[in-house]
Amino acid sequence: MRFKIFLFLLTTIFTETAVYAGDASVRGVIIDRATKETLPMATVQLFVGYESKPIAGMVTDTAGAFKFSSLEYDNYRLEISYVGYENRSILFSLSYAEN
């Protein structure tokens, strides 16, 4: 049986009155697309673009959540893996948006 991971990705960019390098964050919850159950202890690695070496990595908490902070505005790739599931790769960009 073939399983897939669905990443519910919330990109949150924190900006204050001044914009500083490294003030962006990305967070999300890893869930099973079919059952809608969260996947605790999934491995999440963060890469800049198509680089081969991750800049950060973590294991999701008991609620399947993860968060990477102090990121530069740039293009990123998340690699998600979980035992019994296909690995998943997601490309995204963090950019500054004025209000």
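An account of the accompanying structure is given in this report.

Here is what the cut-offs are and how they apply
Residues numbered from 1 in each chain as written. Predicted model: local features only at pLDDT ≥ 70, side-chain atom pairs only at ≥ 80, totals over all residues. Heavy atoms only, no water. Pairing = 2+ DSSP bridges. Helix = DSSP H or I, 4+ residues; strand = E, 2+ residues; numbered from the N terminus. Axes fitted to C-alpha atoms, helices over the stretch in contact; angles between N-to-C directions. Salt bridge = Lys/Arg side-chain N within 4 Å of Asp/Glu carboxyl O. Buried < 20%, exposed > 50% of the residue type's maximum accessible area, 1.4 Å probe, protein only. Core = buried A, V, L, I, M, F, W, Y, C linked by side-chain atoms within 4.5 Å. Contact = heavy atoms within 4.5 Å.

Some remarks on the sheet that holds strand S7 (residues 88-93)
Okay, step 1: Judged by pairing direction, the sheet is antiparallel, and its four strands sit side by side in the order S4-S3-S6-S7 without closing on themselves. Each of the sheet's edge strands pairs with one partner strand only, and the pair in question is strand S4 (56-59) and S7. Averaged over all adjacent pairs, the angle separating strand axes in this sheet is 20 degrees, with direction ignored.
Okay, step 2: Bridge analysis of strand S3 (residues 43-48) against S4 gives four bridges, and the strand direction is antiparallel. By the bridge assignment, Thr43 is partnered in S4 with Val59.

Observations concerning the pattern of salt bridges
A side chain of one charge can pair with a side chain of the opposite charge if their charged atoms are brought near each other.
Okay, step 1: In total, this model carries one salt bridge according to the counting rule given.
Okay, step 2: Residue Glu79 is joined to Arg77 by a salt bridge in which the shortest nitrogen-to-oxygen separation is 2.7 Å.
Okay, step 3: The buried category is assigned to Arg77, whose relative accessible area is 10%.

Brief notes about the nonpolar core
Okay, step 1: Of all hydrophobic cores here, the largest spans 17 residues; its most connected members are Ile30, Val44, Leu46, Phe68, Leu71, Leu78 and Phe92.
Okay, step 2: What Phe68 contacts, discounting residues up to four positions off in sequence, is Ala24, Ser25, Val26, Val44, Leu46, Ala56, Gly57, Met58 and Leu78.

Looking at the pairing of S3
Okay, step 1: Pairing of S3 with strand S6 (residues 75-81) involves six bridges; the strand directions are antiparallel. Paired with Thr43 across the two strands is Ser81, which belongs to S6.

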